[in-house]
Amino acid sequence: MEASDYLLIDQYLQGELPEEAQPAFEQRLQDDRAFAEALRERQQMQNYLKHQVQKPALEKRMADLGARYFQDEANTDSADPKEGIVVPLWRRKPIWLVAAAAAIALILLVWNPFQTSANLYEQYALHPTLALQERSVDGSSLETAEQAFNQGQYEAAYTQLSALEEQLPENPQLKLSLGIAALETDRVQEGRAQFEALAEGDTALQEYGRWYLALSYVKTGDNEAARPLLQALAEQPSAFQQQAQDLLQQL
């Protein structure tokens, strides 16, 4: 696979492939197994990284809670007093208790005293599955590296991927995975070097390089260095736009 192949796949997934080029693209998917596999991997990587953070869900939960509470109160107030409805004390909703719960939830939503740089990194570092396709390399070596990485055995993955890098110095997926393995084993500078190479390159994984470069700074608590990288991602349509916007709000 060449860098131009990854760019072609990225154009297809972003809906930017010219209409006249689509028949040839689809025909190649049928004829070129490696090309079809690369498309499948890219789709998996995009889908895997499209996660939602908990903040919108909590906001909705609080809105629903308030709506239900005031609706119940309205229903109680509108009851016909002639019917003499008596609500047991244990079933009544003390307004101070609901207000206190809402206040605590709001404080935790805006300011989480337990949130650390490490926690933020863990929340957003959802790594893509590694599936290398290279006919020029021994299959067993690839399989060993893939298995270690995908099982979260990053020390072993770092060793295996470092050896493969000598044979595949221009493979963008290997660069990304090696950078992640380095970052997960506290080889931060080595990881950043891989991410910077991707971020400055012209492969389909350029956005991944920028995203993980930002995450590397979040992990070490350097939010000032992470912020401009995240702002650039947040302003442009990409697989990381929503995550970058959400993470910026938490820095």
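Data block above holds the structure.
Residues numbered from 1 in each chain as written. Predicted model: local features only at pLDDT ≥ 70, side-chain atom pairs only at ≥ 80, totals over all residues. Heavy atoms only, no water.

Examining the pattern of salt bridges
Inspection of the entire model under this criterion finds 5 salt bridges. The salt bridge involving Glu155 is made with Arg187; its shortest N-O contact spans 2.8 Å. Highlighted residues: Glu155 in helix α8 (residues 154-165) and Arg187 in the loop between α9 (172-184) and α10 (188-199), separated in sequence by 32 residues. The class of Glu155 is partly exposed, set by a relative accessible area of 42%. Among the ionic contacts, a cluster of salt bridges with common partners joins Asp5, Arg28 and Asp32. (Salt bridge = Lys/Arg side-chain N within 4 Å of Asp/Glu carboxyl O. Helix = DSSP H or I, 4+ residues; strand = E, 2+ residues; numbered from the N terminus. Buried < 20%, exposed > 50% of the residue type's maximum accessible area, 1.4 Å probe, protein only.)

A closer look at the packing of α8 against α9
Contact geometry of α8 with α9 gives a least axis separation of 9 Å together with a crossing angle of 145 degrees. Crossing geometry of α8 relative to α9 is assigned as left-handed. In contact with Tyr154, Ala157, Tyr158, Leu161, Ser162, Leu164 and Glu165 of α8, α9 contributes Leu174, Lys175, Ser177, Leu178, Ile180, Ala181, Ala182 and Glu184. (Axes fitted to C-alpha atoms, helices over the stretch in contact; angles between N-to-C directions. Left-handed = near helix turned anticlockwise from the far one by under 90°. Contact = heavy atoms within 4.5 Å.)

Quick look at the nonpolar core
One finds Leu161, Leu176, Trp211, Leu215 and Leu247 to be the most contacted residues of the largest nonpolar core, which totals 43 residues. Of all the secondary-structure elements, those providing two or more residues to this core are α6 (117-124), α7 (139-150), α8, α9, α10, α11 (206-219), α12 (223-235) and α13 (241-250). Per element, the largest residue contribution to this core is 8 residues, and it comes from α11. Every residue in contact with Leu161, bar those within four places of it in the chain, is listed here: Leu130, Leu132, Ala145, Phe149, Leu174, Ser177, Leu178 and Ala181. Counting residues in each nonpolar core, the second largest holds 7 residues, with Ile9, Leu17, Leu29 and Leu39 among its members. (Core = buried A, V, L, I, M, F, W, Y, C linked by side-chain atoms within 4.5 Å.)

Re the packing of aromatic side chains
Taken as a whole and assessed by the stated rule, the structure comprises 7 aromatic pairs. For the pair Phe25 and Phe35, a centre-to-centre distance of 5.2 Å together with 70 degrees between the ring planes defines the contact as edge-to-face. Linking Phe25 in helix α2 (residues 22-31) with Phe35 in helix α3 (residues 33-49), this pair joins segments that are 10 residues apart in sequence. The residues Phe25 and Phe35 share a single accessibility class, namely buried. (Phe/Tyr/Trp six-rings, centres within 6.5 Å; stacked < 30°, edge-to-face > 60°.)

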